[in-house]
Amino acid sequence: MKTIITIIFTLFATAIYAQTNSYQALLDSAKTLFKSDRNLTQEELYKFDYRQIASMLEKVVEINPNDTEARYFLGYTYGRMNSPDGQSMTNVDLDLLYKTSEQFEKIIELTPKYTGEIIALDPYSKLGAEWGSLAVAYWYRNDVDSAIWAFNEGKKRGGFSDFMLETHRKTLDNCSENAILIAAADIHFYSLLFLQIVENYRPDVAVVEINLLNTTWYPAFLSNNKIVSFDLPSEVLDTVDYAIWNDSVITINDFSWTVHPTYRYYNDTWLIRGDIILLSLLKANKFQRDVYFTTGFGENQIVSLDKYLLPLGTVSKLSISDRTLPSFEDYKKNFTELLRLVQVLNLNSTDEHRIFEYDIRGGIYDVIRNYLIAGDKKEAKELMKLLDTLANEKKYPFYGEYAKEYSDWLRKNM
């Protein structure tokens, strides 16, 4: 059925392309066809014809070289042609990557603040992700020198901003020695790897990207290179798939918790491959190494461990017994360092703005809220004053309405 829908979209787009010279119709049909890949299976995704979409968008860019939205979708199309998902990212082609990078670089040149439709990442973050993917492909092949080159090339072309790197440096700083850090997405993962591989900063921390656990190559790579261990043997790791799952109690040492399903398909509930692999990692670790999570996780992305996380700023620590919060002075010192990063914040980047909003300002709001609940209004007011001094809302506006409402609620209850 999905293949039929794709064919219909293809015929529809082709008809418009053939029958009209309408510039906007051509762009709209290319965008519609591009977004139709969202409902494809992995097998259908690999067969999806991105070349036709690229041809249509290339025609739009030829007509109007200054159309940043057309260039944005063209860059994303080249990227999907190169690597449609995490499973294929170890085979990134450099020549095609140059074509991808060129589009996002041109967007930044034409309009530093891109305002067109966004698929996932803004042009700055997408540059980091594309060059980061190439760096990971080299890293996977144990070609560290080439990985360093790819990371530096990505930074030179507009990715890996000072704000993103310094924010993730603080993330690593908040992890204990030899810890395991689970990253929510590639926007965190690539910056963390940049610091570790290019700058040799905190290489003791094992960084694990949650979405890549769904691939077959990544868990095996982590295991073979002794970055982390799993309680499943290598031959089993490769074959793990979705599993029908109902609420189940998992026990590690003396700690037990209930893991809820993370996926529903028709009448059955499931646990996806990445969650099963994460559980295997936790079981093998047996809490010998501290485990941390970056911000950005959805409600069902960390195998139901949400209520056992201790917020520390840009990370949360998995704490199954010791729930002792950092001291107020530790919080204040950490937050002061984070807030000073606004000096290098690029508000033209929606992703940097979002990271600041949710990872930094939102994290501070959560701590302020905890102090208010505990009746410690003095500490809450002092942290809010710190925010107002170093990152005033007028100078650094809210990314979304929710944050403003959250801020107003906190101030009202002080």
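What you see is a predicted model; the values in this text were computed from it and never measured.

This next bit is on the packing of aromatic side chains. One pass over the structure, following the stated rule, counts 32 aromatic pairs. Both rings, one in Tyr331 and one in Phe335, keep their centres 5.4 Å apart while their planes meet at 20 degrees; by these two values the pair is stacked. Of this pair, Tyr331 and Phe335 both sit in helix H14 (residues 328-339), 4 residues apart, roughly one helical turn. Neither residue differs from the other here; Tyr331 and Phe335 are each classed as buried. Ring pairs connect the aromatic residues Phe34, Phe48, Tyr50, Tyr72, Phe73, Tyr76, Phe104 and Tyr114, which therefore count as one cluster.

This part covers the sheet that holds strand E8 (residues 291-294). Strand order in the open sheet formed by 5 strands is E2-E1-E8-E10-E9, and the pairing between neighbours is mixed. Only two strands of the sheet have a single neighbouring strand rather than two, namely strand E2 (206-209) and strand E9 (309-311). In this sheet, adjacent strand axes meet at a mean angle of 30 degrees when their direction is disregarded. In terms of strand pairing, strand E1 (residues 180-183) meets E8 through 3 bridges, oriented parallel. Across the sheet, Leu181 pairs through a bridge with Tyr292, a residue of E8.

If you trace the backbone, Tyr365 turns up in helix H15 (residues 350-373). Classification of Tyr365 by relative accessible area gives buried; the value is 2%. Considered as a pair, Tyr365 and Ser55 are 310 residues apart in the sequence and their alpha carbons are 47 Å apart. The residues touching Tyr365, leaving out its near neighbours within four places in the chain, are Met384, Leu387, Glu393, Phe398, Ala403, Tyr406, Ser407 and Leu410. One polar contact links Tyr365 to Ser407, side chain to side chain, over a distance of 3.2 Å.

Moving on, we get to the packing of H15 against helix H17 (residues 401-412). Look at H15 against H17: their axes get within 11 Å of each other, and the N-to-C directions meet at 25 degrees. Relative to H17, the element H15 lies roughly parallel. By crossing handedness, the relation of H15 to H17 is classed as left-handed. Of the residues in H17, those touching H15 at Glu357, Tyr365, Asp366, Ile368, Arg369 and Leu372 are Ala403, Tyr406, Ser407, Trp409 and Leu410. Looking at the contact of H15 with H17, its residues break down into 7 nonpolar, 1 polar and 3 charged.

The next subject is empty space enclosed by the protein. By the definition in use, this model includes 1 cavity of 30 Å³ or more. Of the voids in this model, the largest cavity is the one considered here, and its volume is about 140 Å³. If you trace the largest cavity, you find 16 residues lining it, with Tyr124, Ser125, Gly128, Phe160 and Met164 closest to the centre. Secondary structure elements with two or more residues in the lining of the largest cavity: helix H7 (123-140) and helix H10 (186-198). Its residues placed into classes, the lining of the largest cavity shows 7 nonpolar, 7 polar and 2 charged.

By volume, the largest pocket amounts to about 1,700 Å³. Taken together, 45 residues line the largest pocket, and the ones lying closest to its centre are Leu45, Pro84, Asp85, Gly86 and Gln87. Those elements that place two or more of their residues in the lining of the largest pocket are helix H2 (23-35), helix H3 (42-47), helix H5 (68-82), H7, H10 and strand E6 (263-265). When the residues that make up the lining of the largest pocket are grouped by side-chain class, the tally is 21 nonpolar, 12 polar and 12 charged. Taken as a whole, the second largest pocket encloses approximately 880 Å³ of empty space. In this structure, the second largest pocket is lined by 38 residues; those nearest its centre are Thr295, Gly296, Phe297, Tyr358 and Asp366.

What follows covers the environment of Ala150. Take Ala150: it is sitting in helix H8 (residues 144-156). Once the C-alpha coordinates of Ala150 and Val198 are considered, the two residues, 48 residues apart in sequence, prove to be 9.8 Å apart. Setting aside residues up to four positions removed in sequence, Ala150 forms contacts with Trp131, Leu134, Ala135 and Tyr138.

One pass over the structure, following the stated rule, counts 24 salt bridges. When the shortest N-O distance is used, the salt bridge between Arg157 and Glu105 registers 2.8 Å. Of the two residues, Arg157 sits in the loop between H8 and helix H9 (162-173) while Glu105 sits in helix H6 (residues 94-110), which places them 52 residues apart along the sequence. Given the relative accessible area of 22%, Arg157 is considered partly exposed. Here the residues in one salt-bridge network are Lys31, Lys35, Glu69 and Glu117, joined through shared partners.

Turning next to the pairing of E8. Each regular strand shows side chains that alternate between the opposite faces of the sheet. In E8, alternate side chains face the same way, and those of Val291 and Phe293 on one face and Tyr292 and Thr294 on the other are all buried. Note: E8 against strand E10 (residues 315-318), 3 bridges, orientation antiparallel. Across the sheet, Phe293 pairs through a bridge with Ser316, a residue of E10.

The rules we used
- Residues numbered from 1 in each chain as written.
- Predicted model: local features only at pLDDT ≥ 70, side-chain atom pairs only at ≥ 80, totals over all residues.
- Heavy atoms only, no water.
- Phe/Tyr/Trp six-rings, centres within 6.5 Å; stacked < 30°, edge-to-face > 60°.
- Helix = DSSP H or I, 4+ residues; strand = E, 2+ residues; numbered from the N terminus.
- Buried < 20%, exposed > 50% of the residue type's maximum accessible area, 1.4 Å probe, protein only.
- Pairing = 2+ DSSP bridges.
- Axes fitted to C-alpha atoms, helices over the stretch in contact; angles between N-to-C directions.
- Contact = heavy atoms within 4.5 Å.
- Polar contact = N/O pair within 3.5 Å; in protein donor to acceptor, adjacent residues only side chain to side chain.
- Parallel < 35°, antiparallel > 145°, perpendicular 65-115°, else oblique.
- Left-handed = near helix turned anticlockwise from the far one by under 90°.
- Nonpolar A, V, L, I, M, F, W, Y, C, P; charged D, E, K, R; others polar.
- 1 Å grid on protein atoms, 1.4 Å probe; cavity = no way out; pocket = protein on both sides within 12 Å on 5 of 7 lines; lining within 4 Å.
- Points joined across faces, edges and corners; volume = space filled by probe spheres on them.
- Salt bridge = Lys/Arg side-chain N within 4 Å of Asp/Glu carboxyl O.

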